[in-house]
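Observations on the three-dimensional arrangement
Next come the chains, spelled out residue by residue.
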Amino acid sequence: MARNGIRYDDVCRAIDTLQQRGEAISVQKVREFLGTGSYTTISDHLREWRLRQSGDSVQAIPRNFERPEGLDAWVADIWDKAQQAAYEKLAVYRQEADEQIREADDASHQARRQCEDAEQRLQALNEHMLRVQERLENKTTEAAHLQAELQSLQSAQSQQQKRIVQLEQTCQRHQSSLEQAEQQHRDAMAKQHQANQTKLAQEEKRHESAESRLMGLLEDARQERLKQEKQYEQRLASLDQRCERLQQDLSEQRRQYGQLQESLRADKVHMEQAESEKRVSDDRVKSMQQERQRLESELKNLRAANRELHDRLSRAALPPTAS
């Protein structure tokens with residue numbers, strides 16, 4: 001049965017054109033003219049056309065023409081042979097056409113599979129690109145956060161460094177003030193000692209005539225003076241020891257400040273410890289100031305004691321009044 005793709009009229013039109021051109025009528029020629037259609041369909045339409053042409057030729061023969069004897073048998077034999085040859089050739093054409101159809105179907109299936117594989121690979125590639133883009137955006141955001149955190153840490157470290165420099169400058173000022181106070185204290189004690197010696201020498205020169213009478217009193221006064229000087233030296237040694245301890249405390253503070261600076265460079269967590277150590281240092285500085293005030297008070301007391309000793313020596317050196 002003929003297929004619906006190529007109609008009988010199309011085949012007749014192709015045959016008429018081929019006849020006008022003077023070309024032989026065949027399935028291959030008709031298909032080349034039409035440009036489409038299967039060999040089986042064209043062969044069926046061509047066979048139908050030939051049958052109709054044969055029918056028209058038989059009807060055109062005059063009825064008064066006598067048919068030769070044996071014509072029917074000869075025509076039947078030729079027809080059978082032609083039909084057999086046509087069927088054999090048609091079978092070959094069908095086999096070739098079927099093989100071409102199968103090959104075309106296989107190629108079509110393979111192309112479809114390749115297309116599907118390509119679409120799947122393209123989809124997988126798009127998904128991978130989306131994941132890569134997402135990871136890139138996450139990394140970019142994380143890098144921005146890290147950069148901001150780094151800038152914050154650098155700013156905090158810079159501020160802490162400034163605080164440490166200020167603390168060191170404060171310690172240096174305290175150290176300078178302490179050294180000046182010590183020097184002033186030594187100078188004052190030296191001047192006081194020299195003044196005492198000068199006054200003693202003057203008193204000795206002035207009262208040489210009464211030396212024998214006042215020997216006992218002078219001896220007592222000398223013992224008292226030695227005692228006072230000994231106490232003064234002891235206090236001075238104590239003050240020196242305290243100054244040394246203060247110096248050691250200042251050295252310890254500097255060492256602690258150095259450790260604090262290193263810890264600040266290592267980790268920002270030690271910032272609180274630095275603040276605590278700064279408060280301790282402030283307390284120590286306050287303690288040093290209080291100690292300096294106490295030392296100044298003791299120095300005033302020593303000066304008062306020296307004035308009292310001088311007054312006693314002065315009173316002891318005066319001659320007794322007549323009663």
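Cut-offs used in this document
- Residues numbered from 1 in each chain as written.
- Predicted model: local features only at pLDDT ≥ 70, side-chain atom pairs only at ≥ 80, totals over all residues.
- Heavy atoms only, no water.
- Helix = DSSP H or I, 4+ residues; strand = E, 2+ residues; numbered from the N terminus.
- Buried < 20%, exposed > 50% of the residue type's maximum accessible area, 1.4 Å probe, protein only.
- Areas by Shrake-Rupley, 256 points an atom, 1.4 Å probe, with all protein chains shown as cover.
- Salt bridge = Lys/Arg side-chain N within 4 Å of Asp/Glu carboxyl O.
- Patch = residues over 30% accessible without salt bridge, like charges linked within 9 Å, V, L, I, M, F, W, Y side chains within 5 Å.
- Lys, Arg positive; Asp, Glu negative; His and termini not counted.
- Charge placed at Lys NZ, Arg CZ, Asp CG, Glu CD.
- Core = buried A, V, L, I, M, F, W, Y, C linked by side-chain atoms within 4.5 Å.
- Contact = heavy atoms within 4.5 Å.
- Expected span 1.5 Å × (residues − 1).
- Axes fitted to C-alpha atoms, helices over the stretch in contact; angles between N-to-C directions.
- Parallel < 35°, antiparallel > 145°, perpendicular 65-115°, else oblique.
- Nonpolar A, V, L, I, M, F, W, Y, C, P; charged D, E, K, R; others polar.
- pLDDT = per-residue confidence, 0-100.

**Regarding the overall build of the protein**
- In terms of helices and strands, the protein carries six helices and zero strands.
- Across the protein, helices and strands are ordered from the amino to the carboxyl terminus as α-α-α-α-α-α.
- When the 323 residues of the protein are sorted by exposure, 21% land in the buried category.
- A total accessible area of about 24,200 Å² is found for the protein, and carbon and sulfur atoms account for 48% of it.

**A word on the pattern of salt bridges**
- By the definition in use, this model includes 13 salt bridges.
- The partner of D10 in a salt bridge is R13, and the shortest N-O contact between them spans 3.5 Å. Residue D10 and its partner R13 are located together in helix α1 (residues 8-21), separated by three residues, close to a single helical turn.
- The salt bridge partner of K278 is D282, with a shortest N-O separation of 3.6 Å.

**Details of a negative patch on the surface**
- On the surface, E96, D98, E99, E103, D105 and D106 cluster together to form a negatively charged patch.
- You can see E103 is positioned in helix α4 (residues 71-206).

**What about the nonpolar core?**
- Ranked by internal contacts, the top residues of the largest apolar core, which has 14 residues, are V11, I15, V27, V30, L46 and W49.
- Looking at this core, the elements that each hand over two or more residues are α1, α2 (27-34) and α3 (39-59).
- Element by element, the count of residues in this core is highest for α1, at six residues.
- Discounting residues that sit within four places of it in the chain, V11 has contacts with I6, V30, L34, H45 and L46.

**Description of α1**
- Across its 14 residues, α1 extends 20 Å between first and last C-alpha, which sits within 8% of the 20 Å expected from 1.5 Å per residue.
- When α1 is considered as a whole, its buried residues turn out to be Y8, D10, V11, C12, A14, I15 and L18.
- With its phi angle positive at about 80 degrees, G22 sits one or two positions after the end of α1.

**Digging into a nonpolar patch on the surface**
- A surface patch of nonpolar side chains, amounting to about 290 Å² of accessible area, comprises W74, V75 and I78.
- Looking at the secondary structure, you find W74 in helix α4.
- Assessed through its relative accessible area of 53%, W74 is described here as exposed.

**Considering the side chain of Q253**
- With respect to the element layout, Q253 can be found in helix α5 (residues 215-266).
- Accessibility expressed as a relative area gives 1% for Q253, which makes it buried.
- Leaving out residues up to four positions away in the same chain, Q253 has contacts with C171, S281 and R284.

**A word on the packing of α1 against α2**
- Viewed as axis vectors pointing N to C, α1 and α2 meet at an angle of 105 degrees, and their least axial separation amounts to 9 Å. In terms of axis orientation, α1 runs roughly perpendicular to α2. Here α1 contributes D10, V11, R13, A14, I15, T17, L18 and R21 to the contact with α2, which in turn contributes K29, V30, F33 and L34.
- Split into classes, the residues belonging to the contact of α1 with α2 amount to seven nonpolar, one polar and four charged.

**A look at the confidence of the model for the protein**
- Taken as a whole, the protein shows an average pLDDT of 79; of its residues, 87% reach a score of 70 or greater.
- Confidence over residues 58-65 falls short of pLDDT 50; this stretch has zero contacts with residues more than four positions distant or in other chains.

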